[in-house]
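Analysis of the macromolecular model
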Amino acid sequence: EAAVTQSPRSKVAVTGGKVTLSCHQTNNHDYMYWYRQDTGHGLRLIHYSYVADSTEKGDIPDGYKASRPSQENFSLILELASLSQTAVYFCASSRGLNQDTQYFGPGTRLLVL
Amino acid sequence: GDSVTQTEGQVALSEEDFLTIHCNYSASGYPALFWYVQYPGEGPQFLFRASRDKEKGSSRGFEATYDKGTTSFHLRKASVQESDSAVYYCALAPNSGGSNAKLTFGKGTKLSVKS
């Protein structure tokens, strides 16, 4: 069974502060992704990575950085958190990119005040 | 660019009703089409996929048929249960390869089933 875990599961942050969301997968997958979920927008891709020490921009990368220190770990970093970044964030992994099934973590609920 | 349009907002049904959630896509060639389901408090999970025209995907009583002519992949279930209450996402992945071959999701449709 595919396993993607995220920490923390919820977080309250202050505007202008730094936030780091962590993701860990035990699937031995090469690809990892960060999405944000907002009502009315569905799931939107922020960053993704296909190999350790390399990340790629997704569709909405502004205000976010990503880090992939190992195949298993992928972090999303908000250097200066803003109110508009309040959302639920999901990490996912897949074996390949094109048409492979993605396996999602349980999500992190972020509230920026 | 690629896009997915699905039934907007919420669908409210009673148990044993027939379900249809519409999904239409815009993409070149033959993208792979997916349905994901998200239960409250969880991440989305894969339901099924199809990659060729007229191919049917199915799982847990849900099914959808890839229709290249109408660019559609509508989700159907003959008799819904309260446990089917969830948000359903249609998604596509292009078959073109390269760094742009990412999964594109629709905005999601919330299904609420009353007993």
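One can find the structure itself at the top, above this paragraph.
Keep in mind that what you see is a predicted model, and the values were worked out from it rather than measured.

Here we look at the pairing of strand 10 (residues 86–93) of chain B
All names here are of chain B.
- Buried residues dominate strand 10, accounting for eight of its eight residues.
- The side-chain alternation of strand 10 yields two buried faces, one formed by Ala 86, Tyr 88, Cys 90 and Leu 92 and the other by Val 87, Tyr 89, Ala 91 and Ala 93.
- Across seven bridges, strand 5 (residues 32–38) lies against strand 10 in antiparallel orientation. Within the sheet, the bridge partner assigned to Leu 33 lies in strand 10 and is Leu 92.
- In this structure, strand 10 lies alongside strand 12 (residues 109–114), joined through three bridges in antiparallel fashion. Its bridge partner being in strand 12, Tyr 88 is matched across the sheet by Thr 109.
- Bridge count between strand 10 and strand 11 (residues 104–105): two bridges; the pairing is antiparallel. Looking at the pairing, Ala 91 lines up with Phe 105 of strand 11.

A short note on the sheet that holds strand 3 (residues 19–21) of chain B
All names here are of chain B.
- A sheet is described by the order of its strands in space; here four strands give the open sequence 3-9-8-7, paired in antiparallel fashion. Each of the sheet's edge strands pairs with one partner strand only, and the pair in question is strand 3 and strand 7 (56–59). In this sheet, neighbouring strand axes are inclined to one another by 20° on average, regardless of whether the strands run parallel or antiparallel.
- The pairing of strand 7 with strand 8 (residues 62–65) spans four bridges and is classified as antiparallel. Bridge pairing in strand 8 links Lys 56 to Thr 65.

A closer look at the pattern of salt bridges
Residue and element names in this part refer to chain A.
- According to the stated counting rule, one finds seven salt bridges over all chains in the structure shown.
- Close ionic contact of Asp 38 with Arg 44 constitutes a salt bridge, the shortest N to O distance being 3.1 Å.
- In this structure, Glu 79 engages Lys 65 in a salt bridge whose closest nitrogen and oxygen atoms are separated by 3.3 Å. Placement of the pair is Glu 79 in the loop between strand 8 (73–78) and strand 9 (87–94) and Lys 65 in strand 7 (residues 65–67), with a sequence separation of 14 residues.
- Overall, Glu 79 belongs to the partly exposed group, its relative accessible area being 34%.
- Each of Arg 36, Asp 38 and Arg 44 takes part in salt bridges that share partners, so that together they form one network.

Thoughts on the interface of chain A and chain B
- Contacts between the two partners involve 20 residues from chain A and, on the opposite side, 26 residues from chain B.
- Together, the buried faces of chain A and chain B total about 1700 Å²; carbon and sulfur atoms form 51% of this surface.
- For the interface between chain A and chain B, the tally reads zero salt bridges.
- Where chain A touches chain B, the interface holds three residue pairs in polar contact (both at pLDDT 80 or more).
- Those elements that provide at least two residues to the side of chain A that touches chain B are strand 4 (31–38) and strand 5 (42–51) of chain A.
- Among the elements that line the side of chain A that touches chain B, the one with the most residues is strand 5 of chain A, at four residues.

Procedures and definitions
Residues numbered from 1 in each chain as written. Chains lettered and ligands numbered in written order. Predicted model: local features only at pLDDT ≥ 70, side-chain atom pairs only at ≥ 80, totals over all residues. Heavy atoms only, no water. Buried < 20%, exposed > 50% of the residue type's maximum accessible area, 1.4 Å probe, protein only. Helix = DSSP H or I, 4+ residues; strand = E, 2+ residues; numbered from the N terminus. Pairing = 2+ DSSP bridges. Axes fitted to C-alpha atoms, helices over the stretch in contact; angles between N-to-C directions. Salt bridge = Lys/Arg side-chain N within 4 Å of Asp/Glu carboxyl O. Contact = heavy atoms within 4.5 Å. Buried area = accessible area lost by both parts, 1.4 Å probe. Polar contact = N/O pair within 3.5 Å; in protein donor to acceptor, adjacent residues only side chain to side chain.

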